[in-house]
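Understanding the architecture of this molecule
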Amino acid sequence: MGEIYLTGDISRGNGDSLRITARPLSSFVRFGGEQWDLDESEIILEDGTVKINGFCIRNGRQSVSIDGGASLTGCDTLRAGLANVDMSVINYFTKENYDIHGTTGGRAILISPVKDGFRAIASVDCDSLRVGGVNAGNLRAGAYWNNAGDKVNLIVKNNLEGREVLSATGTYHPAAGTMELDADLGGINLIVAQPFAGGVLSEISGGLRGNISASGTLDSLKLQSRGAAIDHARIGIAATGVSYNINGPFRIDNDGLHFDDITVTDDHGGSASLFGGVGIRNFGDIMLAAGLRMRRLELLDKGGSEGLRGNIAANGQVYVSGPPDALLLDADITTAGDGSLHVPLSGATSASRSDLLTFTSHDVAYKDPYEDVLAQLLEQQRRQVAQSESTGNDF
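Worth saying up front: this structure is predicted, and the values here are computed from it rather than measured.

1. A word on the pattern of salt bridges
Per the counting criterion, the structure on display carries 14 salt bridges. Between Lys157 and Glu164 there is a salt bridge, and its shortest N-O distance comes to 3.4 Å. Residue Glu164 is classed as partly exposed on the basis of its relative accessible area of 40%. Note that Arg209 and Asp231 form a salt bridge whose closest N and O atoms lie 2.6 Å from each other. You can see Arg209 sitting in strand S16 (residues 201-217) and its partner Asp231 sitting in strand S17 (residues 220-237), a full 22 residues away along the chain. Arg209 gets classed as partly exposed once you look at its relative accessible area, which sits at 37%. Given a relative accessible area of 21%, Asp231 falls into the partly exposed group. Because the salt bridges share partners, they merge into one network encompassing Asp9, Arg23 and Glu42.

Structure (C-alpha cells):
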C-alpha cells in the first residue's frame with residue numbers, strides 16, 4: 001500500500017542513442033505497519049549504462065540508498081547502502097513468524113566495466129540479532145567478487161557473548177558453478193532453531209562443535225566433518241512433557257548424518273544411546289536408519305487434567321527405518337517400574353474418572369426365545385396345510 005509518483009521522458013543521448021530518464025518524486029509505501037518515504041531522485045538508462053542519482057527510501061533512522069552508475073563497457077562505480085534497518089521486516093515477508101529482531105547495516109560497491117573484469121564487494125553487519133526472542137549474537141557477512149579471477153570470496157562470522165561460535169570461509173566459482181566452504185563451529189547455539197520447530201519442542205539449548213567442509217557443484221556437494229559433536233544440548237518434547245540432555249559425537253559425509261552412540265539422559269536417572277543415522281542424498285532423498293537403546297528412559301511425564309498424561313519409563317530398543325513417508329518401526333520395549341497412562345476419549349464417548357477405559361451399554365429390546373420356537377412351529381404347520389391342499393387339487 002502507498003502512493004508512488006514519478007515523471008519521465010525519452011530522448012536522444014550521445015551518439016544518437018536512446019535515453020530513458022525516470023524521476024521518482026516524493027512518495028511513500030506502507031508494509032509491516034510502518035511507512036517508508038521515498039526521496040526525489042533520478043534514474044537514467046542509456047546505451048548499456050545506468051545512472052542513479054540520490055535514490056533513497058527511509059523510515060526514521062532506517063534507510064536504503066543507491067547512488068552512482070554501472071556500465072557494460074565504461075568505467076563507473078555504483079554504491080548501495082543499508083543503515084539501521086530493523087530486521088523484523090523479514091517477519092512480514094515470511095509465512096511463519098520466526099520472531100526475528102535486530103538492526104542491520106551494510107554496503108555494496110560495484111566497479112565497472114561489467115562486461116570485462118568487473119569487481120564487487122559487499123558486507124552486512126547484523127547487531128543484536130534475536131530469533132524467537134533468543135539472543136543470537138552479532139552476525140557479520142562479506143563477499144568479494146573479482147570477475148577477472150572468476151571467483152567470489154565469502155566470509156561469515158557469528159559472535160555470541162564475546163565468543164566466536166561460527167567462522168565460515170569459502171570460495172564460489174560462478175562460471176564452473178563450484179564452491180569450497182569450510183566452517184568452524186565453536187558452540188553455535190541450538191536455541192536459534194526453536195522458532196522453526198513449529199511448537200514440537202518446548203525447550204532447546206546447547207550447541208554444536210567441530211568443523212564441517214563442503215566442496216563441489218551446488219547440486220552435488222561433497223560433505224565432511226571433523227570432530228563434530230553435540231555439546232550439552234537440552235531438548236524438551238512438548239507433547240510428552242519430557243526433557244532430555246544430549247551429548248556425543250556425530251559425523252557428516254556424502255551418505256548423510258551418522259550418530260556415534262550419542263548419550264541421551266532424562267532428569268530421573270534414565271538413559272539411552274542413539275545410534276545409526278539419517279541418509280541424505282542430493283539434499284533431497286532422506287532415508288532414516290536410526291535406533292535408541294533405552295534403560296529406564298522416561299517417555300511421558302505430563303500432568304494436568306486435559307490431554308494425554310501420566311508417567312511412563314521404558315527399557316528396550318526402538319529402531320526406525322525407511323523414508324519419512326513410509327517409516328518402519330521395530331520396537332522391543334517394556335515398561336520400567338510403576339507408571340500410569342491417562343488417555344482422554346473422544347467427545348462421542350463418555351469418559352470415566354480414570355480417563356483410561358469406559359464401557360457403555362446399549363438398550364436392546366428383550367425377546368422371549370419361546371416365542372421364536374412357537375413362530376417356527378406355526379410356519380411349519382402352515383406349509384404342511386398348503387402342501388396338502390395342493391395335492392388334493394391334482395386329483
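2. What about the packing of aromatic side chains?
By the definition in use, this model includes two aromatic pairs. Just above the ring of Phe275 sits the side chain of Arg293; from NZ or CZ to the centre is 4.0 Å.

3. Quick notes on the confidence of the model for the protein chain
Taken residue by residue, the protein chain gives an average pLDDT of 84. The fraction at 70 or more is 87%. Scored below 50 in pLDDT, residues 348-361 shows 17 contacts in the model against residues more than four places distant or in partner chains.

4. A look at the pairing of strand S19 (residues 256-265)
Pairing geometry for strand S18 (residues 242-253) and S19, over seven bridges, is antiparallel. Of the residues in S19, the one forming a bridge with Phe250 is Phe259. Between the antiparallel neighbours S18 and S19 lie two residues. Bridge analysis of S19 against strand S20 (residues 271-281) gives eight bridges, and the strand direction is antiparallel. Following the sheet pairing, His258 is matched in S20 by Gly277. The loop that links S19 with its antiparallel partner S20 comprises five residues; one of these, Gly269, has a positive phi angle of about 90°.

The rules we used
- Residues numbered from 1 in each chain as written.
- Predicted model: local features only at pLDDT ≥ 70, side-chain atom pairs only at ≥ 80, totals over all residues.
- Heavy atoms only, no water.
- Salt bridge = Lys/Arg side-chain N within 4 Å of Asp/Glu carboxyl O.
- Buried < 20%, exposed > 50% of the residue type's maximum accessible area, 1.4 Å probe, protein only.
- Helix = DSSP H or I, 4+ residues; strand = E, 2+ residues; numbered from the N terminus.
- Phe/Tyr/Trp six-rings, centres within 6.5 Å; stacked < 30°, edge-to-face > 60°.
- Lys NZ or Arg CZ within 6 Å of the ring centre and 35° of its normal.
- pLDDT = per-residue confidence, 0-100.
- Contact = heavy atoms within 4.5 Å.
- Pairing = 2+ DSSP bridges.

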